Amino acid sequence: MFLDYVIDENGAKDILLNLTAMDFSEILHNEHKGFEHELLYVFGKDVKLLERTGDEEKTVSLYIKFNKLENRYVVVISFHEQRFPLSYYFK
């Protein structure tokens, strides 16, 4: 995604801080061996981004997945353009 659109760490941070319950899609079990007890939280967000190879803004549907660790840290696992449409839990 960072290769296709003009976005920096501050832009990504703004997107993450503006997620709402309406952006929530689902909770998944981590499928990696040894981490099956972990839950992954999936969100989707439509944002306007500037194309890197052009001069136009485009609305991009993002796929954002978090892992909330037992020590209350939250790790961003995925942050990219959606490959498939998401269904939203609260919409």
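Structure: above.
Residues numbered from 1 in each chain as written. Predicted model: local features only at pLDDT ≥ 70, side-chain atom pairs only at ≥ 80, totals over all residues. Heavy atoms only, no water.

Participant: Quick question: what am I supposed to make of the pattern of salt bridges here?
Facilitator: Pairing between side chains of opposite charge can happen when the charged atoms of each approach one another. Enumeration according to the criterion identifies one salt bridge in this entry. The partner of Asp23 in a salt bridge is Lys45, with the nearest N and O atoms 3.1 Å apart. On the criterion of sequence distance, the pair formed by Asp23 in the loop between helix H1 (9–17) and strand S2 (24–29) and Lys45 in strand S3 (residues 39–51) is long-range, its members being 22 residues apart. For the pair shown, Asp23 and Lys45 are each scored as buried. (Salt bridge = Lys/Arg side-chain N within 4 Å of Asp/Glu carboxyl O. Helix = DSSP H or I, 4+ residues; strand = E, 2+ residues; numbered from the N terminus. Buried < 20%, exposed > 50% of the residue type's maximum accessible area, 1.4 Å probe, protein only.)

Participant: What am I meant to see in the pairing of strand S5 (residues 74–81) here?
Facilitator: Where strand S4 (residues 57–68) meets S5, seven bridges bridge the pair, whose relative direction is antiparallel. When the sheet's bridge partners are listed, Asn67 is paired in S5 with Val75. Between S4 and S5, which pair antiparallel in sequence order, lie five residues; one of them, Arg72, sits at a positive phi of approximately 75 degrees. (Pairing = 2+ DSSP bridges.)

Participant: Is there a simple way to explain the nonpolar core in this structure?
Facilitator: Inside soluble globular proteins, nonpolar side chains tend to come together where they are buried. The biggest cluster of nonpolar side chains holds 15 residues, and the ones touching the most others in it are Met1, Ile7, Ile15, Leu49, Leu62, Ile64 and Phe79. Every element with two or more residues in this core is listed here: H1, S3 and S4. The dominant element in this core, judged by the number of residues it contributes, is S4, at four residues. Residue contacts for Ile15: discarding those within four places in its chain leaves Ile7, Lys45, Val47, Leu62, Ile64 and Phe79. (Core = buried A, V, L, I, M, F, W, Y, C linked by side-chain atoms within 4.5 Å. Contact = heavy atoms within 4.5 Å.)

Participant: It is not clear to me how the environment of Asn67 should be interpreted in this structure. Could you clarify?
Facilitator: In this fold, Asn67 is placed in strand S4. Judged by its relative accessible area of 5%, Asn67 is buried. In sequence terms Asn67 and Gly34 are 33 residues apart; their C-alpha atoms lie 14 Å from each other. Those residues in contact with Asn67 that sit more than four places away from it in its chain are Asn30, Glu38, Leu39, Leu40, Tyr73, Val74, Val75 and Ile77. In terms of polar contacts, Asn67 uses its side chain to reach the side chain of Glu38, at 2.7 Å. (Polar contact = N/O pair within 3.5 Å; in protein donor to acceptor, adjacent residues only side chain to side chain.)

Participant: In this structure, what is going on with the packing of aromatic side chains? I would like to understand it.
Facilitator: For any pair of aromatic rings, geometry is given as the distance between the ring centres together with the angle between the planes. Tallied over the full model, the rule gives five aromatic pairs. When the centroid spacing of 5.9 Å and the interplanar angle of 75 degrees are considered together, the rings of Phe24 and Tyr89 count as edge-to-face. Of the two residues, Phe24 sits in strand S2 while Tyr89 sits in the segment after S5, which places them 65 residues apart along the sequence. Look at Phe24 and you get buried, because its relative accessible area is 12%. Among the residues examined, Tyr89 registers a relative accessible area of 59% and is labelled exposed. With centroids separated by 5.7 Å and ring planes inclined at 80 degrees, the aromatic side chains of Phe43 and Phe66 adopt a geometry described as edge-to-face. (Phe/Tyr/Trp six-rings, centres within 6.5 Å; stacked < 30°, edge-to-face > 60°.)

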